[in-house]
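Summary of structural features
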Amino acid sequence: MQTYAAAQVSFVFLPEVQGRTLDGLFQVRIAGPASERFMARLQVTVTVPREGKVVTIKTKPFEVRPGVNPLPAGLISGAGINFGNGKIATICRQSGYFTEGDYEYCFELLGEANHGGESLGTQCFDYYLQPFSPLLLTSPADEDDICDKRPSFYWQPLLPAIPGLQYRLLLVELKPGQAKTEALRYNFPVINQQYINLPMLFFPPSAKALEEGREYVWQVTAYKEQLILANSEIWTFKVNCTDSSKPFVPESFRNIEDLVKGNFYVARGRLLFAVHNIYDKADLQYNITCITKPEQVVKKLPTIKLERGNNHVIIDLTDNKSFTDGYYYQLSVRLPDGESYQLRFLYKNEVE
Amino acid sequence: MVAICLPGLLWAQRQPQVPRDRVGTTEYYNRLLNTNPALQVAVIDSLNRRSGSGDVFHHINGKPLNDSVRQLFSRHVNAVYGAKQLQQVNRGLQLFRDTAGLPAYLAGKLRGFYALKNETNALSLMKAGAYSNHLKVLSGSAFYDNTPGAVLQSGIGLQLEDMVVVGNIPVNIVFNNLAGNSPFDQGWADQQLKKFSFDKDAYMDRLNGYLNKSYDLKKYFLGDIDVAGAVKSFATQQVNDIQEEMKAITSPQQALAFSNLVSAEQLIYLDSNQIRRLLLDNKTLQLTAEDLNSKVPDSTGMMSGHQQTVLAAQQYLRRLSEVKNNVVQGLQAKEALAAQHKMNGTIQQRVNDPEAQKRNIKELLPLNFIQRLLLQTKRLNIGNIAANGSKGGVQDLFMSGVQGEFLNKQKFLMLGLGTTRLGGDLKDRQFTSSLDPGAYSMQFLQTGQGDINASHSHIALMNANTRNKNYGGFDAESLKRNIFVGAFSEQIDLGEYGAITADISKSNTSFNNAATGNTAALSSKTAAFTLLDDFWQTFSAGLDYNGEWKAARMSQRVYFNYSGLAYTNPGSPGGSRGTIRYGLNVKRYWNKRKVMVGFRTDLQDMNTAASGSAGWKNRQYTLDTRIRVKKNFSLSARIGQSTMKNTSHLFPEMGYLNRQINVASQLSGKLFSYQQNNNISFGVQQMDILPMKSLLINLNINHSIVIGTHVLSVSVFYNKDVKDQALYGNLFTAETGWSYQLGKIWSCSSGINYLDNKNVVRQIGLRQTVSASLAERLHLNLYADCRKQLLNTPQNYLFGNINTQLALNYQLNR
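The structure contained in this document is the topic of the report that follows. (Residues numbered from 1 in each chain as written. Chains lettered and ligands numbered in written order. Predicted model: local features only at pLDDT ≥ 70, side-chain atom pairs only at ≥ 80, totals over all residues.)

1. Some words on the interface of chain A and chain B
- Each side of the interface is counted separately: chain A has 73 residues, and chain B has 100 residues.
- Where the side of chain A that touches chain B is concerned, the elements lending two or more residues are strand 7 (80-83), helix 3 (87-95), helix 4 (180-186), strand 14 (191-196) and strand 17 (227-231) of chain A.
- The biggest single contributor to the side of chain A that touches chain B is helix 3 of chain A, with 7 residues.
- Considered class by class, the residues forming the side of chain A that touches chain B number 33 nonpolar, 27 polar and 13 charged.
- Judged from the 2 bridges that link them, strand 17 of chain A and strand 8 (residues 433-434) of chain B form a sheet pairing that is parallel. The partner of I228 of chain A across the bridge, within strand 8 of chain B, is S434 of chain B. (Contact = placed C-beta atoms within 7 Å. Helix = DSSP H or I, 4+ residues; strand = E, 2+ residues; numbered from the N terminus. Nonpolar A, V, L, I, M, F, W, Y, C, P; charged D, E, K, R; others polar. Pairing = 2+ DSSP bridges.)

2. Considerations on the sheet that holds strand 22 (residues 285-290) of chain A
Residue and element names in this part refer to chain A.
- Strand order in the open sheet formed by 4 strands is 19-26-25-22, with mixed pairing between adjacent strands. The open sheet has two free edges, formed respectively by strand 19 (265-268) and strand 22, since each of these has just one partner strand. Taken pair by pair, the neighbouring strands of this sheet meet at an average axis angle of 35 degrees, ignoring direction.
- Pairing geometry for strand 25 (residues 328-334) and strand 26 (residues 340-348), over 7 bridges, is antiparallel. Counterpart to R334 in the pairing with strand 26 is S340. (Axes fitted to C-alpha atoms, helices over the stretch in contact; angles between N-to-C directions.)

3. Structural notes on the environment of R334 of chain A
Residues and elements named next belong to chain A.
- By the secondary structure assignment, R334 is in strand 25.
- Counting along the chain gives 244 residues from R334 to T90, while the straight-line C-alpha distance between them is 90 Å.
- Leaving out residues up to four positions away in the same chain, R334 has contacts with Q285 and S340.

4. What to know about the nonpolar core
- L169, V172, Y216, V217, W218 and L229 of chain A are the most contacted members of the largest nonpolar core, which totals 69 residues.
- If you tally residues by element for this core, the top one is strand 13 (residues 165-174) of chain A, at 7 residues. (Core = buried A, V, L, I, M, F, W, Y, C linked by C-beta atoms within 7 Å. Buried ≥ 20, exposed ≤ 12 C-beta atoms within 10 Å, placed from the backbone.)

5. Examining unusual backbone geometry
Residue and element names in this part refer to chain A.
- Residue S139 is joined to P140 through a cis peptide bond whose omega torsion reads 5 degrees.
- If you trace the backbone, P140 turns up in the loop between strand 10 (137-139) and strand 11 (144-146).
- The amide bond that connects L159 to the next residue, P160, takes the cis arrangement and shows omega of 0 degrees.
- Position of P160 among the secondary structure elements: in the loop between strand 12 (153-155) and strand 13.
- Look at R50: it is not a glycine, yet its phi comes out positive at around 70 degrees.
- When you line up the elements, R50 lands in the loop between strand 3 (38-48) and strand 4 (52-58).

6. Things to note about the pairing of strand 29 (residues 778-792) of chain B
Residues and elements named next belong to chain B.
- In the sheet, strand 28 (residues 761-773) pairs with strand 29 via 13 bridges, with the strands oriented antiparallel. Bridging across to strand 29, S773 finds its partner in H779.
- Remark: 4 residues form the turn of the hairpin made by strand 28 and strand 29, two consecutive strands paired antiparallel.
- Inspection of the sheet shows strand 29 paired to strand 30 (residues 802-811) by 9 bridges, in the antiparallel sense. Opposite L782, over in strand 30, you have L806 as the bridge partner.

Dropping the structure here:
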C-alpha cells in the first residue's frame with residue numbers, strides 16, 4: 001500500500017520561478033495517484049551546500065486527490081516553519097526571498113491516519129538560483145516633460161531571462177490632484193498591454209494619442225503566465241510641448257499717428273501699432289535706423305503684409321541681431337496712401 | 001470723590017505697559033486691551049454708543065458696560081457660544097466689577113463682541129448652512145479595443161463626484177465603477193471604488209465666510225480704533241472730574257483758577273514739571289515751589305486759607321499725575337497698535353493669511369469638538385485611497401482604509417490603517433498570484449515636529465500582517481507573518497537652495513509558527529519586540545538633496561540609498577532590497593533659457609548573495625540638450641546609455657545594453673502664408689539582450705498646417721532593426737488627419753492610417769474623433785479607429801483593428 005502511494009505521487013515545480021520565494025514554493029502542484037484519495041502533510045525542505053538546511057516547512061494534513069492539483073486553499077497559512085542557522089536562512093527568514101545559491105528543493109508527502117508518519121512520496125529539484133535584477137524604467141524619464149504624443153516606452157529587462165517571462169505595460173492619465181496609485185485604479189488605462197517580450201513598447205498605433213498639457217503615470221509588471229514576478233516603480237511624465245514657442249499675446253495696438261505724437265516708444269522685443277490702409281493689399285514700406293550707433297545697418301526686417309482697412313502690425317525684432325537692448329532706433333513708415341511717419345523708439349529685450 | 005471706575009485702570013498701573021506676549025497672538029491683543037485704559041475707553045465707548053444709550057461708562061460706578069450693552073453682550077455669548085460660556089463670562093464680569101481686571105478670556109470675547117457686525121449671528125448662519133449636497137461631476141465612458149494583447153477588450157466606467165456638507169464639514173465623495181471584459185474572462189468583471197475625503201479648502205472657505213459675515217475683523221484687531229481721539233476724550237473727562245473735585249474743596253474763586261489751569265491737551269502734551277510750572281505761574285493761587293513740596297498738617301479746622309490752597313493744589317497735582325499715567329499708556333497703546341499692524345502688514349493681510357484665519361475661526365466661531373479637530377486636520381481620507389508618508393515609512397501605497405494627517409502648532413501626526421493587495425484589481429485581471437505576499441493588513445503612524453512637506457523630524461512606525469484571501473481570482477495566500485518597520489526621517493530646508501532629506505529605516509519580519517535552528521517549539525513572535533534583530537541586513541538609509549540655484553539657473557538632485565539584503569517594507573511597495581543606489585540629476589540653463597543642458601545618472605548595485613559579491617550592476621546615463629535657435633525653432637538631442645551587468649563569475653557579464661542617440665527639431669512658422677508646425681525626431685538605438693543584438697533606427701515626423709479654421713496633419717513613424725533581430729523591429733505607420741467644425745457644437749477630425757509591421761501585420765483604416773459641448777456642462781468625446789487587416793499572423797499581439805472610445809462628462813456648477 002505504502003509503496004503504491006509513494007510511487008504514484010509526484011510534484012510539479014518550476015524552481016526558476018517558484019523557487020525564488022518562500023511563498024513561491026507553495027505554487028507546487030501535486031500529482032496524486034489515479035484513483036485514491038488520502039490524507040497527508042506536505043513537507044518542503046530547502047537546502048544549500050555548505051550552509052545545509054535553509055528552511056523546512058510542514059503543512060497541516062490535507063486531502064490528496066487524484067490528478068494534478070494545487071494545494072488546497074488556506075493550507076499554507078497554518079504551516080509550521082523551521083529556519084536554518086546560516087546566513088542564507090537569516091535573509092530568508094527576514095525577507096521571504098532566497099538569495100543566490102545552488103539549492104535543492106525537496107517535497108515530501110507524509111501520510112496521516114492509516115498511513116501515519118510514512119513517506120508517501122518524495123521528489124527533489126536542483127537549481128542554481130540567480131535572483132532577479134531590479135525592474136527599472138528608463139524612458140520617458142520620471143517627471144519629464146515630453147513633446148511626443150505617441151511616445152515609445154523603454155525599461156530594463158528583468159534578468160536572468162527565464163522562459164516565458166513577459167511584460168505588461170500600464171499607462172494611465174493622472175488627473176489633477178490625484179495620487180499616482182489612485183490613478184492606476186480609478187481611471188481606465190490608455191494602454192494595458194500584455195505579452196510584451198522585449199523591454200520596450202511603441203505607442204499602440206490604434207490608441208488615442210496623449211493630450212497636450214496632461215500628465216500620465218506608467219508602470220511595468222514582469223510576469224510569467226498568471227504569476228506576478230516583479231513590479232517597477234510608478235513613473236510620471238507630462239506632455240508639454242509648447243515650452244519652446246510660447247505664444248505671444250499682444251496687449252494693445254495704438255494708432256501710429258498717436259504714437260508719433262507721443263513720447264519715446266519702448267519696444268519690448270517687438271513694435272506694435274495700428275495703421276489704416278484705404279488701398280488694396282500691399283507690403284508695408286518701412287525701414288529702421290539705429291540712432292545710438294548710426295553706422296549700424298539694420299537688416300533682415302520681416303515683411304509685413306497690409307490688408308485693406310485697419311491693420312494691427314507686429315514687427316518682431318526678438319531674433320534680429322541688429323537690435324541691442326537699450327539702444328535708440330528710428331522707424332520710418334510709408335503707407336500706401338503716401339503718408340509717412342517717423343517713430344523713435346527704445347529697444348528693450350523681451351522679459352521672460 | 002468720584003473714583004476712576006474702569007477697574008482695569010488701577011490694575012493697569014501695576015502691569016508692564018507694553019504687552020510682552022508674542023506679537024500678533026490673540027493674547028497680545030487681549031493684553032493690550034487689558035492694560036490700556038484708553039483702549040478700553042474706546043472699545044467700551046463704542047459699544048455703549050452702539051446700544052443707543054448716551055451713557056458714558058465711567059460715570060456709572062463699577063460698570064464699564066452700560067446695562068443694555070451688558071445684556072446684549074450676555075445674549076451674544078449665550079447665543080453663539082452657549083450657556084456654559086455665558087457662566088464664564090458672568091464670572092468674568094463679576095471680576096470686572098471687583099476691579100481685579102479683565103480676564104483674558106473676557107477681553108477676547110469682548111473684542112469679538114466689539115467686532116460683531118450688526119444683526120448677524122455666526123451660530124444662526126452656521127446652522128443655516130450646516131447641511132448641503134452638491135453634485136460636482138458625473139462622467140461615463142465606454143471603450144472597445146481588440147488589440148490581441150490588451151488586458152481589457154471592452155469596458156464601461158462611471159464616476160460620480162459629489163460634495164456633501166454635514167454639520168458644516170464638507171466631504172468629497174467619489175464613486176467609481178469600472179466594468180470590463182477580458183479575452184480570458186467569462187462575462188464581465190466589476191470593480192467598485194469609493195473615496196470619502198474631508199475637503200479642507202472648502203471647509204476653511206466656508207468658516208471664513210461665516211466669520212466675515214458676522215464679524216468685522218478689522219475691528220477685532222482693533223484696527224479702527226481712534227486711540228488718539230479716545231485718549232483725548234478720556235483726558236478731557238478726567239480733567240473735568242478733577243475740576244469738579246476741586247470745587248468741593250476750594251473757594252469759588254480758586255475753583256475758577258483750577259478750572260482754567262490745565263486743559264486736556266496740556267495734560268497730554270506737557271510733562272509733570274511743565275504742569276507744575278503752570279500751577280506756580282497762576283497769579284490767583286499764589287503758590288511757591290516749597291508749598292507744593294511742604295507737608296500740610298491734615299487737621300482741617302486749623303488750616304489757613306493758603307494752607308487749604310496748598311492742600312488742594314497738591315491733591316490736584318496728584319490726581320493729574322494719575323490721569324497722566326493713563327494717558328501715557330493710552331498713547332503707548334496707540335504706538336503699539338500701529339507698530340503691530342505695521343509688523344504684520346495690513347490687517348487685510350492678517351485676515352487672508354491661512355494661519356491667522358485658523359486662529360480667528362477658533363476664537364470667534366462656536367465650533368464643536370469635531371469641527372475644532374478638523375481645523376487642525378490637513379487630510380482625512382476614507383475608502384479606496386492612496387497613502388503617503390515619508391521615505392522609509394509608508395509611500396505610494398494604495399489601500400482600503402483610512403488615513404488622516406493632523407498639524408497643530410508644528411506638531412505633526414499621521415495615522416492610517418487599511419488593507420492592501422498586489423492583484424485583484426480590474427487592471428490586473430490576468431494575474432492570479434504573485435511571488436511576494438499578495439495582501440497585507442497594516443497600521444501606521446508618523447509623528448514629530450514640523451509639517452511633512454517642510455522641515456521636519458519625524459518617526460514613523462508601520463505594522464503589517466499578511467492576509468490570506470482571494471480577491472476575484474487573485475489568490476493572496478502566503479505564509480503568515482508579521483512585519484514591523486521603524487523609521488526616522490529628517491528634512492532640512494535650505495531656503496532657495498532646496499532641501500535635504502535623510503531617512504533611516506529598519507524592518508523586522510516574524511513568521512507565525514516558526515522556529516530557528518534545532519528549536520523544536522514553533523512560536524509566533526511580534527515583530528515589533530525584536531525590531532533590532534539582524535540589524536544590517538534589514539536596515540535602510542537614504543540621503544537626498546533636491547534643489548535649485550536660481551542665480552546660476554541650475555536645478556540639481558543628488559541622492560544615495562542603501563538597503564539591506566533582507567529589508568522588507570510592505571508600506572513602500574516601490575522600495576528596493578540589497579541595493580546601493582546613488583545618482584545625480586543636474587539641469588542648467590543659459591542665455592535666457594535658450595540653451596538647456598541636463599545630465600542624469602542613476603547607478604545601482606544590487607547584491608544577490610548572502611555572502612560574496614554576486615549581484616547586478618546597473619548604470620544609466622543620460623545627457624539632454626535643448627537649444628532654442630529662434631523663437632519658433634528649437635533643436636534637442638539626447639544621448640543615453642544603460643547597462644545591466646552581472647558580477648558573479650558564473651554567468652555572462654553583460655546582461656543588457658542600451659545605447660541611444662536621439663535628435664529632434666521643432667519648427668513653427670508661416671510657409672506659403674499658412675501657419676505650420678513641424679516636429680521631427682530621429683534616433684539610433686543599440687539594444688543587446690543576450691543573445692539578441694539589435695540596432696534600431698527610428699524616424700518620427702509630425703507636420704501640421706493650419707488652413708483657415710482647419711488643421712491638416714500628417715505623421716509618419718518608421719522603425720527598423722538593421723540587424724533584423726527583433727520581431728518588433730520593422731514598423732511603419734503613416735497617419736493623416738483633417739480637423740473641422742460642424743456647426744457650432746461639433747468639432748471633428750477625420751483621418752486615414754496605414755500600418756505595416758513587416759511580415760506580421762499590415763493594416764489600412766480610418767480614424768474619426770468627435771468632440772462636442774452638447775449643453776453648457778455636458779461634453780462628449782468620441783474616438784474611433786477602424787482598420788482593415790491586409791495581413792495578419794498569429795505573432796501579432798500588438799495591433800488590433802478596432803479601437804473606440806466614448807466619453808460623456810457632465811460637469812455641474814462648482
